[in-house]
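Chain by chain, the residues run as shown.
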Amino acid sequence: MGNSDIRRMDREIRATEKKLEAVRRGESWPMNGSERRAMARALAGGSYRAARGRSTGRAEEQIDSLGSAAETRLNAELTALYSERQRLITEAARDKAQKKSSGWF
């Protein structure tokens, strides 16, 4: 466990933050497969109803709820990554202190 693991965790955190911002902007690329399929179903259903001149309220609600679910998932991932990063930092500090205390002088 060292700085390389912490740097790797920092890269993952930055990538997840970029995904979260993209979801907040309404982009669909950070969504996983099931979320994308559900989004496509909602879009198809809403466009079908709009073409028929009917209300698209339910499809819009589905799209909004899918976006918020993806945002919640990414927030949970980000929280887990931050706690793992903190664990790595604590472990590295403990190892460093152990090496210093067991030194020759």
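In short, a report on the structure. (Residues numbered from 1 in each chain as written. Predicted model: local features only at pLDDT ≥ 70, side-chain atom pairs only at ≥ 80, totals over all residues. Heavy atoms only, no water.)

**A word on the nonpolar core**
When a protein is soluble and globular, its nonpolar side chains tend to lie buried together.
Right, on to step 1. In this structure, Met9 and Ile13 are the most contacted members of the largest nonpolar core, which totals 14 residues.
Right, on to step 2. Going through the elements one at a time, α1 (3-24), α2 (33-51) and α3 (57-101) are the ones with two or more residues in this core.
Right, on to step 3. Take this core: its biggest share by element is six residues, from α3.
Right, on to step 4. The residues contacting Ile13, other than those within four sequence positions of it, are Leu78, Leu81, Tyr82 and Arg85. (Core = buried A, V, L, I, M, F, W, Y, C linked by side-chain atoms within 4.5 Å. Buried < 20%, exposed > 50% of the residue type's maximum accessible area, 1.4 Å probe, protein only. Helix = DSSP H or I, 4+ residues; strand = E, 2+ residues; numbered from the N terminus. Contact = heavy atoms within 4.5 Å.)

**Here's the deal with the pattern of salt bridges**
Right, on to step 1. Going through the model one piece at a time under the given rule, you end up with ten salt bridges.
Right, on to step 2. A salt bridge links Asp5 to Arg8, with the nearest nitrogen and oxygen atoms 4.0 Å apart. Pair noted here: Asp5 and Arg8 are both in helix α1, with a separation of three residues, about one helical turn.
Right, on to step 3. Where Arg73 meets Glu77, a salt bridge forms, and the shortest distance between an N and an O atom there is 2.9 Å. With Arg73 and Glu77 both in helix α3 and four residues apart, the pair spans about one turn of that helix.
Right, on to step 4. By relative accessible area, which is 23% here, Arg73 ends up partly exposed. (Salt bridge = Lys/Arg side-chain N within 4 Å of Asp/Glu carboxyl O.)

**A word on α2**
Right, on to step 1. Taking 1.5 Å of rise per residue, 19 residues should cover 27 Å, and α2 covers 27 Å from first to last C-alpha, within 8% of that figure.
Right, on to step 2. Residues of α2 that are buried include every one of Glu35, Ala38, Met39, Ala42 and Gly46, and no others. Looking straight down α2, one finds its buried side chains confined to an arc of 100°; they lie on one side. Relative to its buried face, α2 has exposed residues pointing more than 90 degrees away, namely Arg37, Arg41 and Ala51.
Right, on to step 3. Looking at the packing, one finds that the buried side of α2 touches α3.
Right, on to step 4. In the stretch just after α2, Gly53 is the one whose phi turns positive, near 80°. (Expected span 1.5 Å × (residues − 1). Arc of directions from axis to C-beta.)

Such coordinate-based values are descriptive only and should not be taken to indicate function.
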